[in-house]
Amino acid sequence: MAKKVALHTLGCKLNFTETSTIGRMLKEEGFQAVPFEEAADVYVLNTCSVTDNADRKCRYFIRQALNKNPEAFVVIVGCYAQLKPKEISDIPGVDLVLGAAEKFNIVEHLKNLKKKEIGEFISSEVCNADFFVNAYSQGERTRSFLKVQDGCDYTCTFCTIPLARGISRSDTIENVVKSAYEIADLGIREIVLTGVNIGDFGKGNSGARNKTEDFLDLIQALDQIQEIDRFRISSIEPNLLTDEIIEFVAQSDRFMPHFHIPLQSGNNRLLGLMRRRYKRELYVSRVEKIKALMPDCCIGVDVIVGFPSESEEDFE
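Residues numbered from 1 in each chain as written. Predicted model: local features only at pLDDT ≥ 70, side-chain atom pairs only at ≥ 80, totals over all residues. Heavy atoms only, no water.

### Comments concerning helix H2 (residues 54–68)
Counted at 1.5 Å a residue, the expected span for H2 with its 15 residues is 21 Å, and the 22 Å between its end C-alpha atoms agrees. Check the buried side of H2 and you find it contacts strand S1 (4–9), strand S3 (42–47), strand S4 (73–78), helix H3 (79–83) and helix H4 (85–89). (Helix = DSSP H or I, 4+ residues; strand = E, 2+ residues; numbered from the N terminus. Expected span 1.5 Å × (residues − 1). Contact = heavy atoms within 4.5 Å.)

Encoded structure:
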């Protein structure tokens, strides 16, 4: 009888793409997917490191899994697994922790499902996560999240993502277009382009930039796919959101008038302390450009309040 596997995602759209892809890999190996709320032989939890309650959430879902089946084999992957592998492997009931460079080898690691008295962690330095693995989500929602880029070369002082995911690297336009057609064949009509720093698209697996491809080239190629009705751009850094990208989206029939542009602070002193690569004036100019061309465009924003040394005046 096929072993039952249940997967659950904590965190971002990028994690959703990778959980879904891992689920397809396990299905191809003969595992039967069941909801996380049901009893399973294997539970895979894809974790996040962005919020300070990552540890609490991780422990909560481990307990949920073991309540359903105390003998289940529990695997933890994702950003938190890369950052705190030993800490997670010490949680009672955890059998295996896979770091960023190992998570897509999960099939090999599940050939022996014997419960362990002490959890095992297989994690290497994040510099070893220097390759790109194509991923997209299906089944969880009416639209698909398509991973086009991974990792980040920025060093923002508040962010652990480069430590959890490694250098910036991306897929090729040819492969992304191929994945988009596969998604269309599933009957899905909306794709959200996702990554850690998608405006940095064009860097290959070595972290070197492919001079012939950038993010504008990518969206221009995707715009030709008639089988997809709607594309959305997920979070994109204001310094990488160029006039050309905004102008292209404004005239496109397929790219939605929607941008998520992280601000973090409207104060230049704090932006400097955060090591952000723009000042508030650039952010204002991006918004003004968008609103001039697309008055009804939706703009999502991330803001951090209470950053160390932030005064009332800075906040205002």
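Still more ground to cover, so stick around.
### A closer look at the layout of surface pockets
Of the voids in this model, the second largest pocket is the one considered here, and its volume is about 330 Å³. Looking at the lining of the second largest pocket residue by residue, the class counts come to 7 nonpolar, 5 polar and 4 charged. (1 Å grid on protein atoms, 1.4 Å probe; cavity = no way out; pocket = protein on both sides within 12 Å on 5 of 7 lines; lining within 4 Å. Points joined across faces, edges and corners; volume = space filled by probe spheres on them. Nonpolar A, V, L, I, M, F, W, Y, C, P; charged D, E, K, R; others polar.)

### Observations regarding the pairing of S1
Bridge analysis of S1 against strand S2 (residues 32–33) gives 2 bridges, and the strand direction is parallel. Paired with Val 5 across the strands is Ala 33, a residue of S2. Handedness of the β-α-β unit built from S1, helix H1 (residues 13–28) and S2 comes out right-handed. Looking at chain direction, S1 and S3 are connected through 5 bridges and run parallel. (Pairing = 2+ DSSP bridges. Right-handed = clockwise from strand over helix to strand, strands pointing away.)

### Regarding the environment of Gln 224
Relative to the helices and strands, Gln 224 is located in the loop between helix H8 (215–222) and strand S11 (230–233). Since its relative accessible area comes to 58%, Gln 224 is described here as exposed. Considered as a pair, Gln 224 and Val 177 are 47 residues apart in the sequence and their alpha carbons are 9.5 Å apart. (Buried < 20%, exposed > 50% of the residue type's maximum accessible area, 1.4 Å probe, protein only.)

### Some remarks on the sheet that holds strand S5 (residues 96–98)
Spatial ordering of the open sheet is given by S2-S1-S3-S4-S5-S6, a layout of 6 strands whose pairing is parallel. Two strands bound the open sheet, and with one partner strand each, they are S2 and strand S6 (120–122). Against the sheet, H1 touches S1 and S3, its axis set at about 170° to S1. Where H2 meets the sheet, its contacts fall on S1, S3 and S4, and the angle it forms with S3 comes to roughly 170°. (Axes fitted to C-alpha atoms, helices over the stretch in contact; angles between N-to-C directions.)

### With respect to the packing of aromatic side chains
For the structure on display, the rule yields 6 aromatic pairs. Note on Phe 36 and Tyr 43: the rings are 5.1 Å apart at their centroids and 75° apart in plane angle, and the pair reads as edge-to-face. Accessibility expressed as a relative area gives 8% for Phe 36, which makes it buried. On the basis of relative accessible area, Tyr 43 is assigned to the buried category, the value being 1%. (Phe/Tyr/Trp six-rings, centres within 6.5 Å; stacked < 30°, edge-to-face > 60°.)

### Thoughts on empty space enclosed by the protein
Across all of its chains, the model carries 2 cavities of 30 Å³ or more by this definition. In this structure, the largest cavity spans a volume of roughly 80 Å³. What lines the largest cavity is a set of 13 residues, among which Ala 100, Lys 103, Phe 104, Asp 150 and Arg 169 lie closest to the centre. Of the residues assigned to the lining of the largest cavity, the class counts are 7 nonpolar, no polar and 6 charged. Looking at the second largest cavity, its volume works out to about 30 Å³. Lining the second largest cavity are Phe 36, Tyr 43, Val 44, Leu 45, Phe 61, Ile 62, Ala 65, Val 74, Val 75 and Ile 76.

### Quick notes on the pattern of salt bridges
By the definition in use, this model includes 19 salt bridges. One salt bridge in this structure joins Glu 190 and Arg 143, with 3.2 Å as the shortest N-O distance. Here Glu 190, found in strand S10 (residues 190–194), pairs with Arg 143, found in the loop between S6 and strand S7 (144–147); they are 47 residues apart in sequence, far enough to count as distant. For Glu 190, the salt bridge is made with Arg 230, and the minimal N-O distance between the two is 2.8 Å. Residue Glu 190 is found in strand S10, and its partner Arg 230 is found in strand S11; the two are separated by 40 residues along the sequence. Taking the relative accessible area as the measure of exposure, Arg 230 reaches 32% and is therefore partly exposed. (Salt bridge = Lys/Arg side-chain N within 4 Å of Asp/Glu carboxyl O.)

### Things to note about unusual backbone geometry
One can expect most non-glycine residues to show negative phi and most peptide bonds to be in trans. Residue Arg 275 is not a glycine yet carries a positive backbone phi of 60°. When you line up the elements, Arg 275 lands in the loop between helix H10 (268–273) and helix H11 (280–293). Although it is not a glycine, Ser 309 sits at a positive phi angle of roughly 80°. Mapped onto the fold, Ser 309 is located in the loop between strand S13 (298–300) and helix H12 (312–315).

### Details of the packing of helix H7 (residues 173–185) against H8
Between H7 and H8, whose axes approach to 10 Å, the crossing angle comes to 35°. Helix-helix and strand crossings are classified by hand; for H7 and H8 the assignment is right-handed. Residue-level inspection shows Ile 173, Val 176, Val 177 and Ala 180 of H7 in contact with H8, the latter providing Asp 217, Leu 218, Ala 221 and Leu 222. Residue composition of the contact of H7 with H8, by class: 7 nonpolar, no polar and 1 charged. (Left-handed = near helix turned anticlockwise from the far one by under 90°.)

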